[in-house]
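# What the coordinates show
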Amino acid sequence: DMELPKPELSIVPSKGYRLNSELTMVIDGDWSFGFLGGDLTVNTKLNLDTVAGVDADMKNGIFRTAAGSCDVDFVSLEIDMKNEFLNNIAKGMVEDVKERIAGIV
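Below: a short report on this structure. (Residues numbered from 1 in each chain as written. Predicted model: local features only at pLDDT ≥ 70, side-chain atom pairs only at ≥ 80, totals over all residues. Heavy atoms only, no water.)

## Let's talk about the overall build of the protein chain
Worth spelling out the cut-off: Numbering of helices and strands runs from the N terminus, with a helix taken as a DSSP run of H or I at least four residues long and a strand as a DSSP run of E at least two residues long. Three labels apply to residues, based on accessible area from a 1.4 Å probe with only protein chains included: buried if under 20% of the type maximum, exposed if over 50%, partly exposed otherwise in between. Throughout, the Shrake-Rupley method with a 1.4 Å probe supplies accessible areas, and for residues the shown protein chains are the sole cover considered. Positive residues here are Lys and Arg, negative ones are Asp and Glu, while His and the chain termini are left out of the count. Throughout, a charge is located at the NZ atom of Lys, the CZ atom of Arg, the CG atom of Asp or the CD atom of Glu.
A count of helical and extended segments in the protein chain gives two helices and five strands. Ordered by position in the sequence, the α and β elements of the protein chain form the string β-β-β-β-β-α-α. Overall size of the protein chain, expressed as C-alpha extent along the three principal axes, is 65 × 25 × 20 Å. Counting only residues that meet the buried cut, the protein chain has 23% of its 105 residues in that class. About 7800 Å² of surface is accessible on the protein chain, with carbon and sulfur atoms providing 54% of the total. One way to put it: in the protein chain the 10 positive side-chain charges average out to a point 8 Å from where the 18 negative ones average out.

Structure follows, in structure tokens:
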């Protein structure tokens, strides 16, 4: 599941529009590594700050958009592997998981 509640939309002079919001993602699934496996829940909250460029060609009546920037900051990240021992191991890998999620977003 992914929620993007009430994003803030504002104008960035000479660039376009900025969208700023807190994004909540919950990922449920199964995992396996060798003989280990089980259920997995990843719950994360991210602050998104994106800018999209907008250009208007009034002569031809065309609007163009382009990606400007995208910044992702983590508010929280929780990993639940439904096993206390494995949860403790997962906590040690949180930074790597954050980098991977930021790369996807």
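Back to the text.
## Some thoughts on the pairing of strand S4 (residues 36-57)
For clarity, the cut-off: The pairing criterion is simple: DSSP has to find at least two bridges between the two strands.
In this structure, strand S3 (residues 16-33) lies alongside S4, joined through 18 bridges in antiparallel fashion. By the bridge assignment, Arg18 is partnered in S4 with Val51. Where S3 hands over to S4, the hairpin turn is made up of two residues, of which Gly34 adopts a positive phi near 65°. Both S4 and strand S5 (residues 62-80) contribute to a ladder of 17 bridges, which runs antiparallel. Its bridge partner lying in S5, Ala56 is registered against Phe63. Counted along the chain from S4 to the antiparallel partner S5, the turn is four residues long, and its residue Gly61 has a positive phi close to 65°.

## A short note on the side chain of Ser21
Heads up, the rule is: Note on contacts: a residue pair qualifies if any of its non-hydrogen atoms lie within 4.5 Å across the two residues.
Secondary-structure assignment places Ser21 in strand S3. The residues touching Ser21, leaving out its near neighbours within four places in the chain, are Leu4, Pro5, Pro7, Leu46, Asn47 and Leu48.

## Observations regarding the side chain of Asn87
Summarising the element assignment, Asn87 is placed in helix H1 (residues 84-91). Excluding its chain neighbours within four sequence positions, the residues that come into contact with Asn87 are Ile79, Asp80, Met81 and Lys82.

## Details of the pairing of strand S2 (residues 8-12)
Within a regular beta strand, the side chains point alternately toward one face of the sheet and then the other, so they alternate between its two faces. Here S2 pairs with S3 via five bridges, running antiparallel. Within S3, the residue paired with Leu9 across the bridge is Leu19. Linkage of S2 to S3, two consecutive antiparallel strands, is achieved through a turn of three residues, within which Ser14 is found at a positive phi near 65°.

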